[in-house]
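Below, each chain spelled out in residue letters.
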Amino acid sequence: MTRYLVSRIVQLLPTILGIYLLTFFMMRILPGDPAQFLEGDRGDEQSMAETRRRLRLDEPILVQLAAYLGDTLQGDLGRSFITNQPVSDMIGRAFVPTIQLALTATTIALILGVPLGVVSAVRQNSIWDALSRLVALVGVSIPVFWLGLQMQVIFGVQLKWIPRISGYGIDERLILPAISASLGMIALLTRITRSTLLDVLNQDYIRTAKSKGLANLRVLTRHALVNALLPIVTVWGTSLAGLLSGALLVETIFSWPGMGRLLVDSIGARDYPMIQGLVIAFALIYAGINLLIDLFYPFIDPRIRY
Amino acid sequence: MKHRLLLGVLLLLLALPVLVLAQENTTVTTAFAESQPNTLDPHAARIADEFLVMRNVCEGLVNYDPVTLEPVPALAESWEISEDGLVYTFNLRDGVTFFDGSTLDAADVKYSFDRLSDPALGTSYTAGLILRDVAGWAEARPVAPSVAEGTPTPEPIPPALAISGVAVVDEMTVSITLSKPVTSFLVRLTLPGGVIISEGSADGVDFLATGPTCTGPYSVASFTPGDSLTLVANENYWAGAPDVKQAIIRVIPEVSTQVIEFEAGNLDIVTVPPSDLPRIRADEALSAALYEVATLSNFNIRINLKDPKMGDVRVRKALSMAIDRQAIVDSVLAGQGVPAVGLYPPGLSTHDETFNPFPRDIEAAKALLAEAGYPDGIELSIRNDQEEVSNRVINAIAATVAEAGITLNLVATEASVYTEDRTACTMEMGYIRWGMDYPDPENMTVLLLPNAATRVNCGYGEVDVAAQIGELVGQGVSMPLGEERDAIFNEIERIAMDAVLIIPIYHGVSTSLVNPRLGGQPIDNNGTRRFVFIELE
């Protein structure tokens with residue numbers, strides 16, 4: 001187990017380095033220049049040159065890479081071109097709201113998505129099945145942007161159930177963004193639960209359990225659901241990782257100061273140090289959650305051992 | 001006794017909501033128009049959201065009148081200008097205190113302007129606008145040798161870190177010496193970069209956390225990036241404490257959400273995008289809250305004069321004559337604008353209602369194109385960034401010029417890609433949303449000059465009227481305000497429009513929703529929210 005952990009972490013290092021280098025060169029191949037962005041329409045040639053020097057963009061690209069990489073290895077991600085604040089501080093500030101939103105949304109999705117999938121598998125082709133399929137369809141096809149604004153108008157302006165409809169806070173302001181962010185996941189979880197459960201329900205051991213005379217509920221929870229859990233956990237985990245790297249649209253509509261907005265703003269401004277830092281953070285998040293899921297597998301399926 | 005106590009408590013409880021209400025009523029909540037400030041350093045501020053904070057927190061020697069936009073005394077009580085127009089002597093106001101308790105004197109002024117001249121500070125173009133004609137600018141900002149990525153940089157000339165033209169005369173007097181007479185200097189001093197901060201207050205301080213140490217009607221109480229910025233009234237403000245005691249400016253990136261928050265009663269002032277206007281006008285309560293300010297702006301098409309097609313004045317003129325500006329203002333902008341046919345927006349003394357060089361004439365446009373060698377029509381492309389309203393404006397332009405046989409294709413890319421290509425002169429035309437930096441016609445002529453904003457004006461130095469325009473601008477800049485000066489700037493406008501150096505589309509109008517409980521002038525004629533001018537009943 002420990003050996004497995006160590007080897008996974010060691011494998012991670014070249015991956016992160018590769019991602020780092022790829023981002024570094026991709027950002028510089030991409031058209032668009034951070035100094036141009038900062039100077040906008042007003043700057044003249046002289047102030048452009050001053051800005052390029054201040055941001056060290058006038059240095060040869062390999063010198064820039066060496067400087068960046070050296071600082072990064074010492075744990076210094078540099079300062080944002082735009083705000084001149086330390087990149088690590090800015091990521092840290094955006095990470096807390098992001099994790100709060102992601103955990104709330106994935107919890108909602110878990111609470112609603114799995115039972116819907118179960119009902120729909122157990123009562124296959126019933127009205128409940130049709131209904132849950134409808135929910136899933138709506139969940140994946142409704143644009144979050146439209147839904148978010150509609151919910152703001154309905155619950156904030158017309159019904160006045162939610163006094164504060166946008167902004168950051170662990171109070172009523174979390175409700176609408178969490179629902180918006182969870183919708184796609186609910187759909188996904190419902191579908192995956194339904195299909196894997198249907199698969200499991202047709203297995204011989206379920207028939208055996210039923211013929212032993214076990215109660216239906218017990219068959220479902222102890223024999224069927226546990227065996228269907230693996231893909232559900234996997235989907236849930238990757239969705240969580242996706243939300244942790246920012247739910248851009250939801251964050252924008254609800255003024256939620258998370259990582260998605262930070263990333264998109266940074267790319268637009270060609271804020272190299274910020275992009276570089278965020279990419280590393282996302283790589284670590286994905287790798288970390290994947291690792292956690294893998295470590296969780298043996299608890300679900302005793303045949304898996306590390 | 002017991003009963004009386006109970007009664008007292010009850011009365012207090014009854015009074016509580018009133019007290020709370022009274023307290024809330026002196027708070028105004030609004031949202032940043034674009035995104036949020038990246039800096040709270042007035043000398044590095046460069047975007048509208050930063051200016052909003054600075055205009056409410058800081059002041060310079062002079063400020064602008066909220067209605068006429070003319071310079072009025074602020075930290076300088078009065079000033080004299082030498083006869084040759086080169087030396088400005090400012091007498092400072094007595095008894096003005098900074099947020100840190102220190103009293104304003106000449107050393108603070110010197111400190112602030114020296115700081116503004118420091119190239120290491122940031123990228124505020126307002127530094128150049130304020131100081132470029134002040135003696136010592138060349139030493140403060142030595143011209144850097146040109147640099148390109150991948151080439152070794154020559155050793156830069158060290159900057160002076162001070163601006164020698166700004167001098168302390170005595171404790172309460174400051175003189176500013178210009179390198180040439182510039183009439184608009186006083187107006188330019190009202191720019192956010194011209195504000196005075198307490199001497200030494202910037203050293204080792206992170207302004208983003210504390211806000212600047214200024215003298216204005218409000219100070220920054222807190223700023224949580226991504227969330228909100230809170231201003232509190234300066235009770236010691238020299239012009240009297242403001243009515244509004246607290247102003248909260250929230251970060252709400254999505255404009256539609258801002259309008260919804262206004263409707264939910266959570267915001268007192270918001271900007272309205274044109275797409276929401278028809279719905280708001282149809283609603284009685286909301287339309288009563290509409291507040292319109294004409295902005296000093298010119299939304300126009302800048303041309304790459306080096307391009308073979310656009311280098312031909314007949315093509316430019318045909319395009320300009322084929323545009324139905326009124327239709328665009330009425331449809332896409334829902335009336336938020338005034339058709340533009342020249343340089344100067346309404347509100348400037350040089351704006352001429354009768355000037356109309358491009359009456360819409362499809363036949364004349366077709367004839368011009370045929371003469372230029374395009375009898376079967378012409379295909380042109382225009383670049384822009386991804387701002388939604390301006391792209392809809394361009395699509396509407398394309399629809400109206402199609403009648404004259406002009407196929408106009410819009411290529412919209414990210415802002416940084418767009419600016420880079422515009423600088424490299426690789427496009428035929430680019431759309432520009434130009435808001436004036438300060439209310440003087442001189443600021444509009446920047447669009448025509450090759451060296452004022454070199455990076456964006458392709459081929460403007462080679463066009464045959466360039467020398468003439470340059471000379472006239474040079475004359476106009478140093479002439480005293482008045483009809484004679486206006487005549488020079490109108491002459492520049494006529495020459496520029498004859499040569500169709502830019503294609504103006506419209507002058508902007510900024511439309512906001514303002515809670516009717518806010519009296520006074522919540523938004524000044526510059527389009528800036530100024531909490532100090534709000535009157536509460």
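Residues numbered from 1 in each chain as written. Chains lettered and ligands numbered in written order. Predicted model: local features only at pLDDT ≥ 70, side-chain atom pairs only at ≥ 80, totals over all residues. Heavy atoms only, no water.

Looking at the domain arrangement of chain A
Residues and elements named next belong to chain A.
And then number 1: One can read the domain layout of chain A as domain 1 (16–73) and domain 2 (90–300).
And then number 2: The distance between the C-alpha centroids of domain 1 and domain 2 comes to 37 Å.
And then number 3: The interface is formed by 16 residues belonging to domain 1 together with 11 residues belonging to domain 2.
And then number 4: Around 1300 Å² of area is buried between domain 1 and domain 2 when both sides are counted, 74% of it from carbon and sulfur atoms.
And then number 5: In terms of surface lost to domain 2, no three residues of domain 1 exceed Ile16, Met27 and Pro34, which account for 36% of the buried area on that side.
And then number 6: Remark: the boundary between domain 1 and domain 2 carries 0 salt bridges.
And then number 7: Elements with a minimum of two residues in the side of domain 1 that touches domain 2: helix H1 (2–29), helix H2 (34–39) and helix H4 (61–73).
And then number 8: A class-by-class count of the residues in the side of domain 1 that touches domain 2 yields 11 nonpolar, 3 polar and 2 charged. (Domains from an automatic or database assignment. Contact = heavy atoms within 4.5 Å. Buried area = accessible area lost by both parts, 1.4 Å probe. Salt bridge = Lys/Arg side-chain N within 4 Å of Asp/Glu carboxyl O. Helix = DSSP H or I, 4+ residues; strand = E, 2+ residues; numbered from the N terminus. Nonpolar A, V, L, I, M, F, W, Y, C, P; charged D, E, K, R; others polar.)

Brief notes about the packing of aromatic side chains
For any pair of aromatic rings, geometry is given as the distance between the ring centres together with the angle between the planes.
Residue and element names in this part refer to chain B.
And then number 1: Scanning the entire structure with this criterion turns up 12 aromatic pairs over all chains.
And then number 2: Ring centres 5.5 Å apart and planes at 50° place the aromatic pair tyrosine 237 and tryptophan 238 in the tilted group.
And then number 3: Residue classification places tryptophan 238 among the partly exposed residues on the basis of a relative accessible area of 28%.
And then number 4: Among the aromatic residues, ring-to-ring pairing joins Trp79, Tyr88, Phe90 and Phe185 into one connected group.
And then number 5: For arginine 422, the ring lying beneath its charged end belongs to tyrosine 418, and the centroid distance is 4.9 Å. (Phe/Tyr/Trp six-rings, centres within 6.5 Å; stacked < 30°, edge-to-face > 60°. Buried < 20%, exposed > 50% of the residue type's maximum accessible area, 1.4 Å probe, protein only. Lys NZ or Arg CZ within 6 Å of the ring centre and 35° of its normal.)

Describing the pairing of strand S18 (residues 502–514) of chain B
Residues and elements named next belong to chain B.
And then number 1: Counting buried residues in S18 gives 13 out of 13 residues, a clear majority hidden from the surface.
And then number 2: In this sheet, S18 lies alongside strand S11 (residues 269–271) in antiparallel orientation, the contact comprising 3 bridges. From the neighbouring strand, threonine 271 faces S18, where its bridge partner is serine 512.
And then number 3: Relative to S18, strand S12 (residues 290–294) is paired through 5 bridges, and the arrangement is antiparallel. Within the sheet, the bridge partner assigned to leucine 290 lies in S18 and is leucine 513.
And then number 4: Looking at chain direction, strand S13 (residues 297–303) and S18 are connected through 4 bridges and run antiparallel. (Pairing = 2+ DSSP bridges.)

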